[in-house]
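An overview of the molecular structure
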Amino acid sequence: MNIDGTAWRTIWLEKDGHSVGVIDQTQLPHKFSTLKLSNCQEAATAISTMIVRGAPLIGVTGAYGLMLALQEDPSDNALEAAFKQLNATRPTAVNLRWALKRIRDKVKPLQPAKRAEAARAESALIAEEDVAMCEAIGNHGLAIIQKLAAGRPSVRQKEPIQVLTHCNAGWLATVDWGTALAPIYKAHRAGLNIHVWVDETRPRNQGASLTAYELGREGVPHTVIVDNAGGHLMQQGYVDAVVVGSDRTTRSGDVCNKIGTYLKALAALDNGVPFYVALPASTIDWSISDGVAEIPIETRSAMEVTHIQGRNNNASSNNQLTTVQLTPNQSEGFNPAFDVTPARLVTALITERGVAAASETGLMELYCDD
Ligand SMILES: CSC[C@H]1O[C@H](OP(=O)(O)O)[C@H](O)[C@@H]1O
């Protein structure tokens with residue numbers, strides 16, 4: 001997407017043909033910088049430290065990570081070791097395992113000498129598919145936003161459509177376009193009057209730092225709010241719809257997403273606000289049904305709760321990023337990174353194939369030919 005007039009994607013094959021470029025998302029919004037991943041360990045570290053994050057992007061980075069590993073050693077043992085290393089980086093987003101298995105299935109039957117090139121080609125294909133799927137999600141979601149706009153009373157026709165989103169499910173979470181934000185970009189570019197309430201999304205503040213950054217660069221009006229304000233805004237009638245992403249959606253429509261999503265869904269139901277989840281096929285885990293019981297929830301360092309990163313605006317600091325402690329030294333922290341929203345709280349799933357009810361029947365209607 002657009003950054004100051006330049007079109008960017010979140011991940012790319014470098015001109016040298018064998019290393020991988022990524023945007024360092026831990027530095028945004030205060031500093032835009034890129035990194036070159038030259039081996040599997042660097043790819044694994046980029047995922048685990050959230051230099052790259054977001055379910056689809058984690059998957060593509062994992063795919064390229066296998067390519068990097070095979071460039072160094074294309075043997076069966078090296079392939080399995082790299083698969084295990086990358087698979088262990090983050091447990092919740094199913095896209096990672098889906099992409100790693102896809103690459104392994106593609107290269108395993110090949111002569112070792114042909115594996116790296118095959119992994120390179122398949123990783124690039126996954127990336128291109130992701131871009132196409134996310135743009136298609138944008139188009140299907142645009143129709144929902146247009147219908148919401150048309151359905152408002154005449155007295156509100158001139159007001160912006162108000163959408164609340166949680167965390168970052170924008171182009172920074174994918175290769176391009178994003179999932180939850182793709183319909184918003186499509187609506188904005190179509191000239192619709194739209195405004196986005198951006199949940200800051202504690203503890204890592206992907207909303208305040210990444211979603212706000214994306215929307216600002218695309219010129220979409222938005223307001224950053226604390227996570228706990230969303231229910232109040234819905235009660236006051238300031239939210240026309242909630243649209244969020246997903247890290248893993250079960251075949252029955254249960255949605256695992258950033259911690260706090262479940263609470264937004266409860267508030268939305270209580271206030272009659274439609275709650276949409278945008279996701280590509282690569283985020284659906286057909287092997288499980290009960291998200292609460294079966295999806296592994298990543299627990300990250302308590303330091304992400306007890307400390308916070310930001311830009312030091314003191315004149316003497318020349319805008320350096322700094323981390324400060326929020327809590328008393330002896331206080332413990334607990335940091336589950338995701339929660340599960342049961343399908344009964346989801347109005348509909350916006351996929352690249354269309355809009356589905358959050359149910360096995362709904363998903364099978366879209367994916368029955370797979
Ligand atoms: C389009 S997937 C976006 C999804 O990923 C985020 O998690 P994280 O930043 O920890 O990778 C969050 O759950 C977003 O909704």
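Above this note sits the structure.
Let me begin by describing the structure that accompanies this report. Since we're looking at a predicted model, the values are computed, not measured. (Residues numbered from 1 in each chain as written. Predicted model: local features only at pLDDT ≥ 70, side-chain atom pairs only at ≥ 80, totals over all residues. Heavy atoms only, no water.)

1. Digging into the side chain of Thr-283
We apply this condition: Here a strand is any run of E in DSSP of at least two residues, a helix any run of H or I of at least four, and the numbering for each starts at the N terminus. Whether two residues are in contact is decided by their heavy atoms: any pair within 4.5 Å suffices.
Tracing the sequence through the fold places Thr-283 in the loop between β12 (275-278) and β13 (284-285). When residues no more than four places from it in sequence are discounted, the contact partners of Thr-283 are Val-94, Asn-95, Ser-246, Asp-247, Arg-248 and Thr-249.

2. Thoughts on the side chain of Glu-298
Our working rule: Here a polar contact is taken to be a pair of N or O atoms separated by no more than 3.5 Å, where protein atoms must pair a possible hydrogen donor with a possible acceptor and residues adjacent in sequence count only if both atoms sit in side chains.
By the element assignment, Glu-298 lies in the loop between α10 (291-294) and α11 (303-306). Separated by 2.9 Å, the side chains of Glu-298 and Arg-90 make a polar contact. A polar contact of 2.8 Å, which involves the side chain of Glu-298, links it to the side chain of Arg-300. Every residue in contact with Glu-298, bar those within four places of it in the chain, is listed here: Arg-90, Pro-91, Thr-92, Asn-335, Pro-336, Ala-337 and Phe-338.

3. Some thoughts on the site of the ligand
Inclusion rule: A single heavy atom is enough: if one lies within 4 Å of a molecule or strand, its residue is considered near that molecule or strand. To be clear on the numbers: accessible area is Shrake-Rupley with a 1.4 Å probe, and residue cover counts the displayed protein chains and nothing else. Residue polarity follows a fixed list, in which Ala, Val, Leu, Ile, Met, Phe, Trp, Tyr, Cys and Pro are nonpolar, Asp, Glu, Lys and Arg are charged, and the others, Gly among them, are polar. Note: domain ranges come from an automatic or database domain assignment.
In the neighbourhood of the ligand, 17 residues make up the surrounding shell, with Gly-54, Arg-90, Asp-247, Asn-257 and Lys-258 lying closest. At a separation of 2.5 Å, an oxygen atom of the ligand approaches a polar side-chain atom of Asp-247. Measuring from an oxygen atom of the ligand, one finds a side-chain N or O atom of Lys-258 at 2.7 Å. In the complex, 100% of the free accessible area of the ligand, which totals 410 Å², lies under the protein chains. Here the residues of the shell around the ligand sort into seven nonpolar, six polar and four charged. Built from parts of two domains, the shell around the ligand gets at least three residues from each of domain 1 (2-128) and domain 2 (138-367).

4. So, the sheet that holds β13
Under the convention used in this document: If DSSP finds at least two bridges between two strands, the strands pair.
Strand order in this open sheet of four strands is β13-β10-β11-β16, and the pairing throughout is mixed. Edge positions in the sheet fall to β13 and β16 (338-341), since each of these pairs with one other strand and no more. Of the pairings in the sheet, the one linking strand β10 (residues 248-250) to strand β11 (residues 255-258) comprises two bridges and is antiparallel in character. Considered in β11, the bridge of Arg-248 is made with Cys-256.

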